[in-house]
Amino acid sequence: MRTSVTLNVYELPLGNLSCSMEALGNGEGLSLSCRWPGGFPRARLLWEGLAQGVSAEEELHVNVTAPAPLDQTNLTCVGSHPTGTRTCTVRPASPGLALSRRVSTDVRGFAVVTMACLVVASPPATVRWYKESRELGSEAIVSPKPGTSEVRIQDFLLANHTGNYSCRAGNALGVREQGLELTAPLLSDFLVVRLNGSAVRFSWAQRRSDVVTSFRLQSRGGDRASRADVWQTWAVVDMSKRQAILTGLKADRGYTFRVLPMVGLQEGVPSQSRSVNPAQSQTLSAGAIIGIVLGCVGGILLVALIIVFVIWLKGHRKQTRMSKRQGVNRAGIQSNTAVTRRTRERQPADLYQAGPVLKKSAHSNSHRQAQSTEDQDWQSTVYSVSQNVTPDGSGRHAKQDISPQTTLPSSVKLVNSNSHQSSEKPSKLTLQRRKATMV
C-alpha cells in the first residue's frame, strides 16, 4: 500500500515590505509605491485607505491625481504571504511653515540678515521666496538642510532691503505662505531715571520687525567743554538689550540723553531726547543749617511770648473782677452810711420809743414761723421790724415796715450772722439795742 504526502515549501520574500510616496511630475498628484520582492509564492500587496481596491504581486504603484482629500490621512500598504503579513504606512500632508530671522554683523561691521523658512510636508514641498510679491533669485536662496530654506542678505541696507518678505511652500496637497517684515528701527517708550549723582538708568522699546545690531547711549550738554549740539556716545549695548545703566556722570550737572539704534555701520532714527537735572546733594549747606537754627530759635521765642501773654491776660482778668467787687462793696457801705446819718439827724431818740412796736411785731412773727427754724425766724423778725419813726403832725409816731424781700446791706448780714452763731438766743431787748447800734 502506497501513501502519498504533499509537502508545500514556502520561501519568505527578501527583506522587509517598503513603501513610498512622491509627487507626480506636474506636482499636482501623488505616486504611491509598495514593494516586497522575492519569496515563494509571490507576496500579494494592497493599499488600504484608497477608494479603488488595486492589488498586485511583489510591487504595487498607484497614482492619485486628486490627493487633497487624503491630507493628514494614513495610507497603509499590506503585504500578504503564506509565511506572514507585513504592513507599511505613509501619511500625506500639506506644508506647515515656521518663519524666523537672524541679524548679525560680519567682520567688516556690516549687517547680515538671514531669514529661515522651516517646512514640514509630505511629500516634500517646493519653496519659493518673495519680496513685495516679487520672487527672489536663486542667488539669495540657500538650503542648508532638508526641509529648511533660507534667504541671506549680505550688506543689509535700510534703504534697499527693508520691506515685506514671504516664504511660499506647496505640494500636491496644498500651498502655504507666511510673511515676515523687516523695518528700520524706531524706538518708543524711552525713559531716563537718575539713580544717584553719578548713574542713570535707560529703558526703551522697539518693534519686533525692526532690524538692529546695537544701541548707542548718547548725551550732550553735561560737559562744559563740549559743544551743546554735539552728541557724545557713552556706551554701546547689544541688540538684545532693552535697558542699561550708565555711570560716571557728574552730580552737579544736568544731561540730555538719547538712544541711537545702529544697523551695522548705519544709523537708525534716534529716540526722543530726555533730560535729567543735577543730582540734589544729600548734605545740608551752611546756609541751610543757619536757616534751620534761626527758625528753631524764633519758634522757641514765639512760644515763650505766647505763654507770657496768656499768664498776663489771666492776671489782668482776675484783677478786674476783684476791682469790680470792691467797688460794689464800697458803694453799698457809703449808701448805708448816708442813710444812717440822715436817720440819726431826724429823730435819734425815737428808736428806743419803738420798743412796744418791736415787741409786738416780734411776738406776732414768732407765732407764724415753724419751731424747727427759730434762728432764721428771729433774723427775719429783726429785718421786718426795722422802721423809721418820724413824728407826724399830731404828735403820734407813724410806723413803716421794711418788706422781708428788701435786700439788706452787707453790714446788717454780718451782725445777724454773728448773732446767729451765738450759743444762746438773745433777748428782744438785746435785739433792739443791736439794731440801733447797726443803724
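Residues numbered from 1 in each chain as written. Predicted model: local features only at pLDDT ≥ 70, side-chain atom pairs only at ≥ 80, totals over all residues. Heavy atoms only, no water.

### Quick look at the sheet that holds strand β2 (residues 30–35)
As summarised here, the arrangement of the three strands in space is β1-β2-β5, forming an open sheet in which the pairing is antiparallel. The sheet terminates laterally at β1 (18–23) and β5 (59–64), the two strands that pair on one side only. Pairwise comparison of adjacent strand axes, ignoring direction, gives a mean angle of 15° for this sheet. In terms of strand pairing, β1 meets β2 through six bridges, oriented antiparallel. Within β2, the position partnered with S18 by the bridge is R35. (Pairing = 2+ DSSP bridges. Helix = DSSP H or I, 4+ residues; strand = E, 2+ residues; numbered from the N terminus. Axes fitted to C-alpha atoms, helices over the stretch in contact; angles between N-to-C directions.)

### Notes on the pattern of salt bridges
Enumeration over the complete set of coordinates arrives at nine salt bridges. The salt bridge involving D155 is made with R108; its shortest N-O contact spans 2.4 Å. Here D155, found in the loop between β13 (148–153) and α1 (158–161), pairs with R108, found in the loop between β8 (93–105) and β9 (111–122); they are 47 residues apart in sequence, far enough to count as distant. By relative accessible area, D155 is classed as partly exposed at 29%. (Salt bridge = Lys/Arg side-chain N within 4 Å of Asp/Glu carboxyl O. Buried < 20%, exposed > 50% of the residue type's maximum accessible area, 1.4 Å probe, protein only.)

### Some thoughts on the packing of aromatic side chains
Scanning the entire structure with this criterion turns up six aromatic pairs. Ring plane angle 85° and centroid distance 5.1 Å describe the contact between F202 and F257, whose orientation is recorded as edge-to-face. Of this pair, F202 sits in strand β17 (residues 199–206) while F257 sits in strand β21 (residues 255–263), and the two are 55 residues apart along the sequence. We classify F257 as buried; its relative accessible area is 0%. Taking 6.1 Å as the distance between ring centres and 80° as the angle between the ring planes, the aromatic pair formed by W234 and Y255 counts as edge-to-face. (Phe/Tyr/Trp six-rings, centres within 6.5 Å; stacked < 30°, edge-to-face > 60°.)

### Some words on the nonpolar core
Core analysis: the biggest nonpolar cluster contains 22 residues, and L32, W47 and L50 have the highest contact counts within it. Of all elements in the fold, only β1, β2, β3 (44–48), β5, β6 (75–81) and β7 (84–90) reach the threshold of two or more residues within this core. Beyond its immediate chain neighbours, meaning those up to four positions away, L50 contacts L32, V62, V64, L70 and L75. Judged by nonpolar contacts, the second largest core, of 20 residues, contains L99, V113, L136 and L182. (Core = buried A, V, L, I, M, F, W, Y, C linked by side-chain atoms within 4.5 Å. Contact = heavy atoms within 4.5 Å.)

### Quick word on the environment of S188
With respect to the helices and strands, S188 occurs in strand β16 (residues 187–194). C-alpha of S188 to C-alpha of W204: the two residues are 16 residues apart in sequence and 6.0 Å apart in space.

### A look at unusual backbone geometry
The residue after F40, namely P41, is reached through a cis peptide bond having omega -10°. Of note, P41 is situated in the loop between β2 and β3. A cis amide bond links S122 with the next residue in sequence, P123, at an omega value of 0°. Mapped onto the elements of the fold, P123 is located in the loop between β9 and β10 (126–131). Positive phi values are uncommon outside glycine, yet D189 reaches one of about 50°. Looking at the element boundaries, D189 is found in strand β16.

### Things to note about the state of the cysteines
By the definition in use, this model includes three disulfides. One disulfide bridge connects C19 with C88, the sulfur atoms lying 1.8 Å from each other. Torsion about the S-S bond of the C19 and C88 cystine: about -75°, corresponding to left-handed handedness. Here C19 is found in strand β1, whereas its partner C88 is found in strand β7, with 69 residues between them in sequence. The exposure classification of C19 matches that of C88, with both residues buried. Note that C117 is cross-linked by a disulfide to C167, the S-S spacing being 2.0 Å. Disulfide C117-C167: the torsion about the S-S bond is -80°, which places it as left-handed. One end of the pair, C117, is in strand β9; the other, C167, is in strand β14 (residues 163–171), with 50 residues separating them in the sequence. The same class applies to C117 as to C167, namely buried. With its disulfide-bonded cysteines labelled consecutively along the sequence, the protein chain is connected as 1-4, 2-3, 5-6. (Disulfide = S-S within 2.5 Å.)

### Regarding the side chain of Q206
Looking at the element boundaries, Q206 is found in strand β17. For Q206, the side chain forms a polar contact with the side chain of R242, separated by 3.4 Å. For Q206, the residues in contact, after removing those within four places along its chain, are L186, L187, V212, F215 and R242. (Polar contact = N/O pair within 3.5 Å; in protein donor to acceptor, adjacent residues only side chain to side chain.)

### Things to note about a positive patch on the surface
Residues R317, K318, R321 and R325 make up a contiguous surface patch of positive charge. Residue placement: R321 occurs in helix α2 (residues 286–346). Residue classification places R321 among the partly exposed residues on the basis of a relative accessible area of 46%. (Patch = residues over 30% accessible without salt bridge, like charges linked within 9 Å, V, L, I, M, F, W, Y side chains within 5 Å. Areas by Shrake-Rupley, 256 points an atom, 1.4 Å probe, with all protein chains shown as cover. Lys, Arg positive; Asp, Glu negative; His and termini not counted. Charge placed at Lys NZ, Arg CZ, Asp CG, Glu CD.)

### Let's talk about the confidence of the model for the protein chain
Chain-level statistics for the protein chain give a pLDDT mean of 77 and a share of 71% at 70 or above. Segment residues 347–424: pLDDT under 50, and 70 contacts once partners within four positions in sequence are set aside and those in other chains are kept. (pLDDT = per-residue confidence, 0-100.)

### A look at the sheet that holds β10
Judged by pairing direction, the sheet is antiparallel, and its four strands sit side by side in the order β11-β10-β14-β15 without closing on themselves. Every interior strand has two partners, whereas the edge strands, β11 (134–135) and β15 (174–182), have only one. The sheet contact formed by β10 and β14 spans six bridges and is antiparallel. The residue of β14 that forms the bridge with K131 is Y165.

### Focus on the pairing of β13
Of all six residues in β13, five are buried, a share of seventy percent or more. Examined bridge by bridge, β9 and β13 share six bridges and lie antiparallel to one another. Residue pairing for β13: A116 is matched across the bridge by E150. Here two bridges tie strand β12 (residues 141–142) to β13, and the two strands are oriented antiparallel to one another. Looking at β13, one finds that V142 is bridged to E150. Between β12 and β13, which pair antiparallel and follow one another directly, the connecting turn spans five residues, one of which, G147, has a positive phi of 80°.

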